[in-house]
Amino acid sequence: MVSDEEIEKAAAILRAGGLVAFPTETVYGLGADASNVAAVRKIFAAKGRPADHPVIVHVAGTSDLKHWTAEVPRSAWLLAEKFWPGPLTMVLKRAAHVSDLITGGQDTVGLRVPSHPVAQQLLKAFGGGIAAPSANRFGRLSPTAAQHVREELGDAVNFVLDGGPSDVGIESTIVDLTRETPAVLRPGRISDQQIADALLVQLGATATAAGRPRVSGSLESHYAPGLPLKIVPPEEIESYVRARAGTPVAVLSRRGRPRDSKATLWQVAPESPDDYARLLYGSLRWLDVSGCRLIVVEALPLLPEWVAIRDRLGRAATPDPVAPPVTARR
Ligand code: TXA
Ligand code: MG
């Protein structure tokens with residue numbers, strides 16, 4: 001998959017203050033030496049990301065927690081034991097040496113131990129923390145394959161490690177452990193319930209987007225494809241498409257294409273939430289360049305196992321992208 005030489009090359013680029021995109025089990029990250037402010041600054045330039053948005057620091061193992069934090073609550077050790085390495089990011093009180101660029105000027109730092117073998121190899125070869133947001137342009141879909149990174153960032157990244165398609169497919173769960181009651185800031189594969197069970201507590205209410213502007217993923221339009229995207233109940237998709245005759249529509253649905261469908265493209269998505277999440281961003285990227293004018297995604301069940309996926313689709317959606325022509329409304 002990735003050779004030792006490539007890992008060494010990537011680690012050397014990080015040491016020299018360059019940018020390396022690397023696979024994680026969630027999505028690809030755009031990495032820089034977390035202890036090098038000039039290097040971290042390059043991440044923001046490459047992504048076109050506002051400087052007040054904090055960046056997650058990736059570390060090789062739980063033993064690195066202390067270096068990056070001022071204090072490690074018992075809850076952090078419990079969650080680390082249970083979910084690291086894996087798709088969980090913990091927000092903790094930062095150590096004094098952590099740069100404002102990484103914390104977004106806050107007194108907290110987001111930490112994660114990824115499980116992807118290539119990410120692990122890179123972290124071990126590099127020997128320090130790797131600051132890395134998702135390797136996409138600001139506001140766009142996260143990349144789940146090396147090719148997505150190359151298309152999106154081109155020469156802005158010095159080297160891309162190709163570790164194959166990401167397994168989880170959506171970004172890590174973020175849990176804030178600096179409050180009196182832990183709260184999930186961004187839902188992901190590891191559910192609120194799993195975290196509550198591990199901590200034996202009830203989680204605090206997840207803050208609304210307005211209440212946590214520093215989590216860039218909580219901004220209204222985030223994780224979005226280029227085309228307008230509309231979420232429509234499955235039984236209404238066909239009439240929605242028909243009402244927009246003349247507009248080429250791409251549909252993403254778990255159901256098969258109806259025989260007489262007027263959709264230009266009909267992409268069938270997997271039934272299970274894990275499989276759905278794994279393929280989601282890749283499918284949206286593909287539909288985005290399909291030549292259609294609008295993406296219609298089937299509304300998903302209001303069940304806990306769909307919460308994280310519904311969250312991402314909700315952010316990708318546009319309020320009313322293509323209104324039906326006046327004549328069709330009668
Ligand atoms: O799965 C993931 O988390 C991927 C992979 C590459 O690890 N990373 C990722 O990074 O999604 P990014 O920057 O695209 O999203 C991380 C989110 C941002 O919304 C950021 O605002 C939030 O984490 N975040 C980072 N540090 C934080 C902190 N100290 N307090 C609150 N939110 C924080
Ligand atoms: Mg991102």
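The structure under discussion appears in the preceding block.
Residues numbered from 1 in each chain as written. Chains lettered and ligands numbered in written order. Predicted model: local features only at pLDDT ≥ 70, side-chain atom pairs only at ≥ 80, totals over all residues. Heavy atoms only, no water.

Draft legend 1. The site of ligand 1, seen in detail. For ligand 1, the set of nearby residues contains 25 residues, the closest of which are Thr 26, His 58, Ser 134, Ser 172 and Arg 186. For ligand 1, an oxygen atom lies 2.6 Å from a polar atom in the side chain of Thr 26. Arg 112 places a polar side-chain atom, nitrogen or oxygen, 3.1 Å from an oxygen atom of ligand 1. Contact with the protein chains hides 98% of the accessible area of ligand 1, taken as 670 Å² for the molecule alone. At the level of secondary structure, the elements contributing two or more residues to the shell around ligand 1 comprise β5 (108–112) and β9 (183–186). Considering each element in turn, the shell around ligand 1 owes the most residues, four residues, to β5. Here the shell around ligand 1 is built from residues that sort into ten nonpolar, ten polar and five charged. (Near = heavy atom within 4 Å. Polar contact = N/O pair within 3.5 Å; in protein donor to acceptor, adjacent residues only side chain to side chain. Areas by Shrake-Rupley, 256 points an atom, 1.4 Å probe, with all protein chains shown as cover. Helix = DSSP H or I, 4+ residues; strand = E, 2+ residues; numbered from the N terminus. Nonpolar A, V, L, I, M, F, W, Y, C, P; charged D, E, K, R; others polar.)

Draft legend 2. Structural detail: the sheet that holds strand β2 (residues 29–33). Strand order in this open sheet of nine strands is β7-β1-β2-β6-β3-β5-β4-β8-β9, and the pairing throughout is mixed. The strands lining the two open edges of the sheet, one partner per strand, are β7 (159–160) and β9. Judged from the four bridges that link them, strand β4 (residues 88–93) and β5 form a sheet pairing that is antiparallel. Its bridge partner lying in β5, Lys 93 is registered against Thr 108. (Pairing = 2+ DSSP bridges.)

Don't take any of this as a statement about function, it's just geometry.
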